[in-house]
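# Breakdown of the fold
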Amino acid sequence: MFRKGKINRDILLLIFILSAGVMMAIGRFYDERLELLGINFSIIFSSIFTLSFFSVLFLIKSIKIDLNKILLYIFYYLIIISTLILWSIYGVTDYGLVKFFNLVLIPLPISLVIIEKFNNRDRDLMITILLGISVLLLLFTLFSFSTLSSTRSGVLGGGPIVLSRWLCFGAIVVLFHPKIKRFNFIYMILFILASLFTGSRGPIFSLFLVMILYFFFNFRKVFFRTIILLSFLISILFFTGIFDQLLQYNNVSRVFMNIGEGGFNKPNNRSYIFESSIQEIISYPLGVGSGNFVEYTEDPSFFKNKDLFYPHNLFFEILCEFGILTFLVFMIYLLQSLLSFKINLFNKRETRNMMFYTFAFLFLNSMVSGDLNDARLLFVFIPLMLVKEIE
């Protein structure tokens, strides 16, 4: 029989993991869009999440200090302290305020519980919940196909970048999950096709790079199988005219850089954003505070007219808004986490390999799209990678 303390622990962690999954899906501690019949459900979800977080904290009887934990704590401490100091110097924007509190109130507490209390079963359950969110978003995407095929939008109030990231996340997990062996390739194709109709290039591009990474590590094992499969898929797409039909949709054409309209020869705003980010880092090496990237670029009007409020690169965003010191700590934390993560990249069916390729996707995606809040999956996956197999 289970001990009462063991049951209480499992129940509390189950509630926390479920509520954490909901908060990760919403991405906001308070969301005015989740109001129905005069009730704002984000308040209910946030309350359950907060109560379960503090309840789980009481389960922590002792803290074992290691380098990964120290670096995680220092990183978030610098995020908080630097933001408060820099806001007093450079001012506060509504966007910066929302982004900062969503980071501190969602990924931070989840990361703390993971690194202090999770075992491998809790980790696997968390991944299952996150995959379930991806599946739910896939279903909503399919039901909203008529809207997504005509205009660039998300579902359930979320934006297209976040939707595409969740869908590609689902594609990676189902492909490498050790317990999903039947039809996993078909599931992956469904996720990718749905992602194409969001019009977001970053997640698709990152997914493609992860496939190249897997191919590189498993060259001998998958070379001929991959060549045959790709040849088959390319033949179907081109000889049946499916690819040309897909390009008729503006969102899909956008993902492929609008090949019919000049493709890679067209001007790219992203390169100008990166150039502006580098210039701002040089001008303000200690940062300008959360959300203030646009306010201190050389041409704020350019970004505001295009509704661009962040550098679309996690490294640049941390450097611009939180400074070099915070960035260096984050880099050390990132590298130390990877060094601590033991994997066998030549065995596809290991849980830890699935986590590595998922991490690789989330990391690469954060380099080309989204802001700090959009990278919440990455911030949570880093401590998940550090969960030990035996509690």
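Fair warning: this is a prediction, and the values are worked out from it, not measured in the lab. Note on numbering: residues in each chain are counted from 1, in written sequence order. Whole-chain, interface and lining totals are the exception, using all residues; otherwise, since this is a predicted model, local features are given only for residues with pLDDT of at least 70 and side-chain atom pairs are given and counted only at 80 or more. Working from all heavy atoms in the structure, the side-chain values ignore hydrogens and water.

## A few points about the overall build of the protein chain
Rules: Numbering of helices and strands runs from the N terminus, with a helix taken as a DSSP run of H or I at least four residues long and a strand as a DSSP run of E at least two residues long. Here the term buried applies to any residue with accessible area under 20% of the maximum for its type, exposed to any over 50%, and partly exposed to those in between, with areas from a 1.4 Å probe on protein chains only. For this analysis, residues touch if any pair of their heavy atoms sits within 4.5 Å. For the area figures, the Shrake-Rupley method with a 1.4 Å probe applies, and any residue is considered shielded solely by the protein chains shown.
Looking only at helices and strands, the protein chain has 18 helices and 2 strands in total. Counting across all 391 residues of the protein chain, residues that qualify as buried make up 50%. Restricting to contacts in the protein chain with at least 6 residues of sequence separation, those with at least 24 account for 76%. For the protein chain, the exposed area adds up to about 19500 Å²; of that, 69% sits on carbon and sulfur atoms.

## Let's talk about the environment of Phe 49
Take Phe 49: it is sitting in helix α2 (residues 41-57). For Phe 49, a relative accessible area of 1% gives the class buried. The spatial distance from the C-alpha of Phe 49 to the C-alpha of Gly 21 is 9.5 Å, given a sequence separation of 28 residues. Once you skip the residues sitting within four places of it in the chain, Phe 49 turns out to touch Phe 16, Ser 19, Ala 20, Met 23, Phe 29, Leu 105, Ile 106, Pro 109 and Ile 110.

## With respect to the packing of aromatic side chains
Cut-off, in case you're wondering: Two rings from Phe, Tyr or Trp (for Trp, the six-membered ring) form a pair when their centres sit within 6.5 Å of each other. Planes less than 30 degrees apart are called stacked, planes more than 60 degrees apart edge-to-face, and all others tilted.
Summed over all chains, the structure comprises 25 aromatic pairs. Ring plane angle 25° and centroid distance 5.7 Å describe the contact between Phe 16 and Phe 49, whose orientation is recorded as stacked. With Phe 16 in helix α1 (residues 4-26) and Phe 49 in helix α2, this residue pair connects regions lying 33 residues apart in the sequence. Each member of the pair, Phe 16 together with Phe 49, is buried. A centroid spacing of 5.3 Å and a plane angle of 70° characterise the contact between Phe 100 and Phe 101, whose relative ring orientation is edge-to-face. Taking the relative accessible area as the measure of exposure, Phe 100 reaches 6% and is therefore buried. Members of the aromatic cluster, connected to one another through ring pairs, are Phe 75, Tyr 76, Phe 315, Phe 327, Phe 330, Phe 359, Phe 363 and Phe 379.

## Details of unusual backbone geometry
Although it is not a glycine, His 312 adopts a positive phi angle of roughly 60°. When you line up the elements, His 312 lands in the loop between α15 (300-305) and α16 (314-340).

## Section: the environment of Ser 52
Secondary-structure assignment places Ser 52 in helix α2. For the pair Ser 52 and Ser 19, spaced 33 residues apart in the sequence, the C-alpha separation amounts to 8.0 Å. Every residue in contact with Ser 52, bar those within four places of it in the chain, is listed here: Ile 15, Phe 16 and Ser 19.

## As for the packing of helix α6 (residues 120-143) against helix α8 (residues 160-176)
Worth spelling out the cut-off: Between the N-to-C directions of two axes lies an angle of 0 to 180 degrees, each axis being a line fitted to C-alpha atoms and, for a helix, fitted only over the stretch in contact. Oblique is the label for any angle not under 35 degrees, not over 145, and not in the 65 to 115 range, which are roughly parallel, roughly antiparallel and roughly perpendicular in turn. Two helices crossing with the near one rotated counterclockwise from the far one by less than a right angle form a left-handed crossing, whereas a clockwise rotation gives a right-handed crossing. Throughout, the ten residues Ala, Val, Leu, Ile, Met, Phe, Trp, Tyr, Cys and Pro are labelled nonpolar, Asp, Glu, Lys and Arg are labelled charged, and all others, Gly among them, are labelled polar.
Taken N-terminus to C-terminus, the directions of α6 and α8 make an angle of 120°; their axes are 9 Å apart at the nearest point. Judged on the interaxial angle alone, α8 and α6 are oblique. Regarding α6 and α8, the two cross each other, and that crossing is left-handed. In contact with Ile 127, Leu 130, Leu 131, Ile 133, Ser 134, Leu 137, Leu 138 and Thr 141 of α6, α8 contributes Leu 163, Trp 166, Leu 167, Phe 169, Gly 170, Val 173 and Val 174. Class assignment of the residues belonging to the contact of α6 with α8 gives a composition of 12 nonpolar, 3 polar and no charged.

## Examining the pattern of salt bridges
This is how it is decided: For this document, the term salt bridge refers to a Lys or Arg side-chain nitrogen within 4 Å of an Asp or Glu carboxyl oxygen.
Taken as a whole, this structure holds 6 salt bridges when the rule is applied. As a salt-bridge pair, Arg 28 and Glu 32 come within 3.8 Å of each other at their nearest N and O atoms. Ionic pairing is found between Arg 123 and Asp 124, a salt bridge with its closest N-O pair at 3.0 Å.

## Here's the deal with the packing of α6 against helix α18 (residues 376-385)
Closest axis-to-axis distance for the α6/α18 pair is 11 Å, and the angle between their directions is 155°. Judged on the interaxial angle alone, α18 and α6 are roughly antiparallel. Every pair of crossing elements has a handedness; the one defined by α6 and α18 is left-handed. Of α18, the residues touching α6 (which contributes Arg 123, Met 126, Ile 127 and Leu 130) are Leu 377, Phe 381 and Leu 384. Partitioned by chemical class, the residues of the contact of α6 with α18 number 6 nonpolar, no polar and 1 charged.

## A few points about α16
Filter applied, for reference: For a helix, the expected span equals 1.5 Å multiplied by the number of residues minus one. To get the bend at a given residue, fit one axis to the seven residues ending there, fit another to the seven starting there, and take the angle between those axes. Definition of a polar contact: a pair of N or O atoms within 3.5 Å, with one able to donate and the other able to accept a hydrogen when the atoms are protein atoms, and with sequence-neighbouring residues admitted only if both atoms are side-chain atoms.
With 27 residues, α16 extends just 22 Å between its outermost C-alpha atoms, more than 12% less than the 39 Å of an ideal straight helix rising 1.5 Å per residue. At Phe 322, α16 is bent by approximately 130°, the largest bend along its length. Structurally, the start of α16 carries an N-cap: the backbone nitrogen of Phe 315 is 3.0 Å from a side-chain oxygen of Asn 313.

## Considering a nonpolar patch on the surface
The cut-off we apply is this: Here a patch means residues that are over 30% exposed by relative accessible area and free of salt bridges, tied together within 9 Å if like-charged and within 5 Å if nonpolar (Val, Leu, Ile, Met, Phe, Trp, Tyr).
Where nonpolar side chains cluster on the molecular surface, the patch consists of Ile 11, Ile 15, Leu 36, Leu 37, Ile 39, Phe 41, Ile 44 and Ile 48 and spans about 730 Å² of accessible area. Listed by contribution, the elements that provide at least two residues to the nonpolar patch are α1 and α2. The dominant element in the nonpolar patch, judged by the number of residues it contributes, is α2, at 3 residues. For Leu 37, the location among the structural elements is in the loop between β1 (35-36) and β2 (39-40). A residue is classified by how much of its surface remains accessible, and Leu 37, at 79% relative accessible area, is exposed.

## Overview of α8
The terminal C-alpha atoms of α8, which comprises 17 residues, lie 24 Å apart, in line with the 24 Å expected from a rise of 1.5 Å per residue. The element α8 is largely enclosed, with a buried count of 17 among its 17 residues.

## Considerations on the confidence of the model for the protein chain
Where we set the bar: pLDDT measures the predictor's confidence residue by residue and takes values from 0 up to 100.
Residues of the protein chain with pLDDT of at least 70 account for 79%, and the chain-wide mean is 82. A low-confidence stretch, residues 258-267 stays under pLDDT 50, and its non-local contacts, those more than four residues away or across chains, total 8 contacts.

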